Amino acid sequence: MDQRSGQKRAVEFLYPPIDPFDQRIIDMRDGHRIYVEQCGNPDGIPVVVLHGGPGGGCSPAMRRYFDPSAFRVILFDQRGCGRSRPHASVIQNTTWHLVNDIEVIRKELGISRWICFGGSWGATLALIYAITHPDRVAHLVLRGVFLMTRAELDWFYGGGAGAFFPELWSRFVNVIPHDERDDLIAAYHRRLFSGNVMEETRFGRIWANWENALASILNDGPLGESPAEYARAFARLENHYFHNGGFLEEDGWILRERARIRHIPATIIQGRYDMICPPVSAWKLAQGWDACEIRLIPFAGHALSEPGISEGLVRAMDALRRP
């Protein structure tokens, strides 16, 4: 990694802001309507962007990791978040619904194969989609790998990460009675789905603040409050997926099924000091996968907006441009 990346802001590695050339709502005919946009070159190499969370939604900054003259970039807000509707809904909202949504989008846009670009939960979804539809994926570009395992959830919601940030961990834990602290995901689930919107929003903000505070190595303390509507949707969706083990049939399912995608080239950009998704998961995923290249970024955490992460992702995508 260029040493300058530690001194430059992340935006200095990105392409200039662009607007979509296409925006649409796709009715999935099961109560969900999904926001989809396209930007860049309509005749370029297709790449689908899978955002994190679950429940994080897309942002305009996500368009800027791709050379707009080379790539046809497809972004969409996953069920229940961003501009998709119904907002914050977990009905008919599972990993397998999302995998089907990706296929519906691909077919509607007339794309045969595309690059899957995803970070954190977006990396999880990219892997699950590729395992399910390996003939539709040309390349995987992953950041902050999360394998949707019990061990990873225990690290972040069971005190592992909290050992490094005890003052922030106490804010997350102390709002829960002592007799419920053996399973904080379940304890928050009861409050995020209480039916009382004010209570759901309050606990949604606490849930979101814990994750946001640890996202970047450049942060050292709590950030400002997340907007109420965003925090409630983000926390409800994330908790819903984690409470249900990502809707996978067994713990460790991604690694068990990895053989189905060993022929697909992959690039992993992983922060060395990622407190949310520690690099051991990315390392395990890459072992024995000859077509996979893992790049550990020395002074970086989890966030897409970290300078080293942004630089690594832009370089990875630039390498995939046609000669």
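Residues numbered from 1 in each chain as written. Predicted model: local features only at pLDDT ≥ 70, side-chain atom pairs only at ≥ 80, totals over all residues. Heavy atoms only, no water.

**Q** Can you help me understand the nonpolar core in this one?
**A** One recurring pattern in soluble globular proteins is that nonpolar side chains are buried together. Of all hydrophobic cores here, the largest spans 76 residues; its most connected members are I105, L140, F172, W210 and L214. The element best represented in this core is helix α2 (residues 121-132), accounting for 9 residues. Aside from chain neighbours lying at most four places away, what touches L140 is C116, A126, L127, A130, I261, I264, P265, A266, T267 and W289. Ranked by size, the runner-up nonpolar core spans 26 residues in total, among them F66, A70, V141 and A300. (Core = buried A, V, L, I, M, F, W, Y, C linked by side-chain atoms within 4.5 Å. Buried < 20%, exposed > 50% of the residue type's maximum accessible area, 1.4 Å probe, protein only. Helix = DSSP H or I, 4+ residues; strand = E, 2+ residues; numbered from the N terminus. Contact = heavy atoms within 4.5 Å.)

**Q** Even after reading the chapter, I still don't get helix α5 (residues 184-192), so can you show me in this structure?
**A** Of all 9 residues that make up α5, 7 are buried, and the element is covered over most of its length. Listed in full, the buried residues belonging to α5 are L184, I185, A186, A187, Y188, R191 and L192. Along its buried surface, α5 packs onto α3 (150-157), α4 (166-173), α6 (197-213) and α7 (228-243). The N-cap residue of α5 is D183: its side-chain oxygen and the backbone nitrogen of I185 are 3.4 Å apart. (Polar contact = N/O pair within 3.5 Å; in protein donor to acceptor, adjacent residues only side chain to side chain.)

**Q** What's the story with unusual backbone geometry in this structure? I'm lost.
**A** The phi torsion of most residues other than glycine is negative, and most of the peptide bonds are trans. For the peptide bond that leads from G53 to P54, omega is -5°, which places it in the cis range. Cis geometry is adopted by the peptide bond preceding P86, which originates at R85 and carries an omega value of 5°. Mapped onto the secondary structure, P86 falls in the loop between β4 (71-76) and α1 (95-108). A positive phi angle, close to 60°, is found at S120, a residue other than glycine. Its location among the elements puts S120 in the loop between β5 (114-119) and α2. Here S120 falls in the buried class, since its relative accessible area comes to 8%. With a phi close to 55°, M148 is a non-glycine residue in the positive phi region. Within the secondary structure, M148 sits in the loop between β6 (137-143) and α3.

**Q** Help me understand the pattern of salt bridges in this model?
**A** Oppositely charged side chains can form a pair if their charged atoms are brought close together. Under the criterion given, the structure shown has 22 salt bridges. Residue R256 pairs with E249 through a salt bridge whose shortest N-O separation is 2.9 Å. Classification of R256 by relative accessible area gives partly exposed; the value is 39%. A residue is classified by how much of its surface remains accessible, and E249, at 60% relative accessible area, is exposed. Where salt bridges share partners, they join E37, R63, D77 and R83 into one cluster. (Salt bridge = Lys/Arg side-chain N within 4 Å of Asp/Glu carboxyl O.)

**Q** I would appreciate a short explanation of the packing of aromatic side chains in the present structure.
**A** By the definition in use, this model includes 22 aromatic pairs. Seen from their ring centres, W121 and Y241 are 5.2 Å apart, and the 65° between their planes marks the pair as edge-to-face. Remark: Y241 occurs in helix α7 and W121 occurs in helix α2; sequence separation between them is 120 residues. Take Y241: its relative accessible area is 1%, and that puts it in the buried class. With a centroid separation of 5.1 Å and an interplanar angle of 85°, the aromatic rings of F156 and Y157 are classed as edge-to-face. (Phe/Tyr/Trp six-rings, centres within 6.5 Å; stacked < 30°, edge-to-face > 60°.)

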